[in-house]
Amino acid sequence: YALQKRRVLVEVRWLQALAASGDLPQLPAFSPAAIKVLDEIADSFSVADGMRVKEIERTTNHDVKAIEYFLKERVAALAEASSNGASGAAAELARAQEFIHFACTSEDINNLSYALMIKDASEQVLLPAADAIIAQLTALAHEHAELPMLSRTHGQTATPTTVGKELANVVARLRRQRACWANAPQLGKIAGATGNYNAHVSAYPAIDWPKLAQQFVCSLGLEHNALVTQIEPHDGIAELFDAQARFNTILVDLCRDMWGYISLGYFKQRVVAGEVGSSTMPHKVNPIDFENAEGNFGVANALLGHLSSKLPISRWQRDLTDSTVMRSVGVAAGHMLIAYASLKKGLGKVSVNEAALASDLDNAWEVLAEPVQTVMRVHAIEKPYEKLKELTRGKKIDAAAIREFVGKLEIPDEDKKRLLELTPATYIGKAVDLAKAI
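Let us look at the structure shown here. Owing to the predicted nature of the structure, the values given are computational and were not obtained by experimental measurement.

1. Some points on the nonpolar core
For soluble globular proteins, the rule of thumb is that nonpolar side chains tend to be buried together.
1) Next: Core analysis: the biggest nonpolar cluster contains 82 residues, and Leu 137, Trp 181, Phe 241, Leu 251, Phe 297, Tyr 340 and Leu 343 have the highest contact counts within it.
2) Next: In terms of residue count, the dominant contributor to this core is helix H10 (residues 235-264) (13 residues).
3) Next: With residues up to four places along the chain from it excluded, the contact list for Leu 251 reads Ile 133, Leu 174, Phe 297, Tyr 340 and Leu 343.
4) Next: Ranked by size, the runner-up nonpolar core spans 49 residues in total, among them Leu 18, Ile 100, Ala 103 and Tyr 204.

2. A word on the pairing of strand E1 (residues 148-153)
1) Next: Two elements, E1 and strand E2 (residues 156-162), share five bridges in a ladder whose sense is antiparallel. Bridge pairing in E2 places Arg 152 opposite Thr 157.
2) Next: Where E1 hands over to E2, the hairpin turn is made up of two residues, of which His 154 adopts a positive phi near 60°.

3. Brief notes about a nonpolar patch on the surface
1) Next: A cluster of nonpolar side chains, contributed by Tyr 1, Val 47 and Met 51, occupies part of the molecular surface with about 320 Å² of accessible area.
2) Next: With respect to the secondary-structure elements, Met 51 resides in helix H3 (residues 47-60).

4. Looking at the environment of Leu 307
1) Next: If you trace the backbone, Leu 307 turns up in helix H11 (residues 288-310).
2) Next: Leu 307 gets classed as buried once you look at its relative accessible area, which sits at 1%.

5. What about H11?
Along an α-helix, a turn takes 3.6 residues, which lines up residues three or four apart on a common side.
1) Next: Between its first and last C-alpha atoms H11 spans 33 Å; for 23 residues at 1.5 Å apiece the expected length is 33 Å, and the two agree.
2) Next: Within H11, the full set of buried residues consists of Asp 289, Phe 290, Ala 293, Asn 296, Phe 297, Ala 300, Asn 301, Leu 304, Leu 307, Ser 308 and Lys 310.
3) Next: Residues of H11 that are buried in the fold lie against H10, helix H12 (321-326), helix H13 (329-349) and strand E6 (350-352).

6. Quick word on the packing of aromatic side chains
1) Next: Counted according to the given criterion, the structure contains ten aromatic pairs.
2) Next: On the basis of an interplanar angle of 85° and a centroid distance of 5.4 Å, the ring pair of Trp 181 and Phe 247 is categorised as edge-to-face. On the criterion of sequence distance, the pair formed by Trp 181 in helix H7 (residues 163-183) and Phe 247 in helix H10 is long-range, its members being 66 residues apart.
3) Next: Of the residues examined, Phe 247 reaches a relative accessible area of 0% and is grouped as buried.
4) Next: Ring geometry for Phe 247 against Tyr 340: centres 6.2 Å apart, planes inclined by 90°, an arrangement best described as edge-to-face. With Phe 247 in helix H10 and Tyr 340 in helix H13, this pair connects stretches of sequence that are 93 residues apart. In this structure, Phe 247 and Tyr 340 share a single accessibility class: buried.

7. Thoughts on the packing of H10 against H13
1) Next: Two numbers describe how H10 lies on H13: the axes approach to 12 Å, and their chain directions differ by 30°. Of the possible angle classes, the one that applies to H10 and H13 is roughly parallel. Crossing of H10 against H13: the hand is left-handed. Along the contact surface, H10 presents Phe 241, Gln 244, Phe 247, Asn 248, Leu 251, Leu 254, Cys 255 and Met 258, while H13 presents Val 329, Met 336, Tyr 340, Leu 343 and Leu 347.
2) Next: By residue class, the composition of the contact of H10 with H13 is eleven nonpolar, two polar and no charged.

8. Some thoughts on the packing of helix H15 (residues 369-378) against helix H16 (residues 384-392)
Helix packing geometry: the angle between the two helix axes and the distance between the axes.
1) Next: Where H15 contacts H16, the two axes come as close as 8 Å, and the packing angle between them is 155°. Taken as axis vectors, H15 and H16 run roughly antiparallel relative to one another. Of the two possible hands of crossing, H15 and H16 adopt the one that is right-handed. Along its contact with H15, which presents Ala 369, Val 372, Gln 373, Met 376 and Arg 377, the element H16 presents Pro 384, Tyr 385, Lys 387, Leu 388 and Thr 392.

Calculation rules
Residues numbered from 1 in each chain as written. Predicted model: local features only at pLDDT ≥ 70, side-chain atom pairs only at ≥ 80, totals over all residues. Heavy atoms only, no water. Core = buried A, V, L, I, M, F, W, Y, C linked by side-chain atoms within 4.5 Å. Buried < 20%, exposed > 50% of the residue type's maximum accessible area, 1.4 Å probe, protein only. Helix = DSSP H or I, 4+ residues; strand = E, 2+ residues; numbered from the N terminus. Contact = heavy atoms within 4.5 Å. Pairing = 2+ DSSP bridges. Patch = residues over 30% accessible without salt bridge, like charges linked within 9 Å, V, L, I, M, F, W, Y side chains within 5 Å. Areas by Shrake-Rupley, 256 points an atom, 1.4 Å probe, with all protein chains shown as cover. Salt bridge = Lys/Arg side-chain N within 4 Å of Asp/Glu carboxyl O. Expected span 1.5 Å × (residues − 1). Phe/Tyr/Trp six-rings, centres within 6.5 Å; stacked < 30°, edge-to-face > 60°. Axes fitted to C-alpha atoms, helices over the stretch in contact; angles between N-to-C directions. Parallel < 35°, antiparallel > 145°, perpendicular 65-115°, else oblique. Left-handed = near helix turned anticlockwise from the far one by under 90°. Nonpolar A, V, L, I, M, F, W, Y, C, P; charged D, E, K, R; others polar.

The values are spatial; any link to function lies outside them.
Put into structure tokens, the structure is as follows:
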């Protein structure tokens, strides 16, 4: 239905543009009344109208031709219903009916219709959902900017960070891909059967058809692609879907990290009365929202990846493989929306477990080997890295062991005091500033 509605809109707008150009003697400018009638046909296209198009299509076995015949049928019905026979706006449209779908190939209508749907879905539905995730993560990054957390690289304890800084990392990545997504062009063409305006020129050789086509495509809010075959080659759609997939991939990374942090006990999940985590294990509170989001992102990205790699490929001046593939665009968008909703829900149900974070930090004094050996380098102490490696690598080190080592160092008192006061929880560098700056 949505595709049919956009096709009707494009056909109507093309007819109006041809009449408004003043370049076609047989198609004079429409009166305001005729323009209003055409606008109403496009704006009021209903599900019942869509069913009528499908009835026509059962005869034509061609979806776009069925749209053309539907519009001609509506124009004829208006003329017949006119109180004075065929007069006024109805008469104007009746005389103009052979200029419906004038010089167009089906793909002229289809590429513009899909571009409008994709643009509207992106701007009105998908981007707002994505922006809600970014806003939610930004708020969490600021809220927890100062809360220290033990890092893990290769699954092992590593230089501490803060909860807010790790979320800020995600926000920064998402904002970059969001910009790529929003700036991806939606291109369109209306250049005939092989992109050369052959039929157009045969009928009206004096008209500047490329200019008229550009004006028309741009009037729809799309970017005109002047050099095409029968199809608009879909490079802009591929750019958009690649950007969306990269955005989603970042969120898959977040889902997996949140799953891991919940497993470590860094985040607690709100228990909802009546919910069940397992049919046999009563204690379970599973991170299902993050798992559901990850799964739906996977399906969406599989589709987006196929679309972006397949759509720009078409044999010679056109084959039909893009037509069937384009039918899955809405499926990809649907899985994205499910994933965004699941992730948003999951983020809203977790709270930080400060006790678990503090406990892990207090059991990881070995991470202070890094600042100690770094200060030793400043003061030209021989083999600083190697000495700390011997002390800490593969060993469990406590506060006393680190402080005993530091106490024996021959370094200025100020630096020694700073190292002795350092703890895993305070060894966070500029993490707080970085998180608050996002």
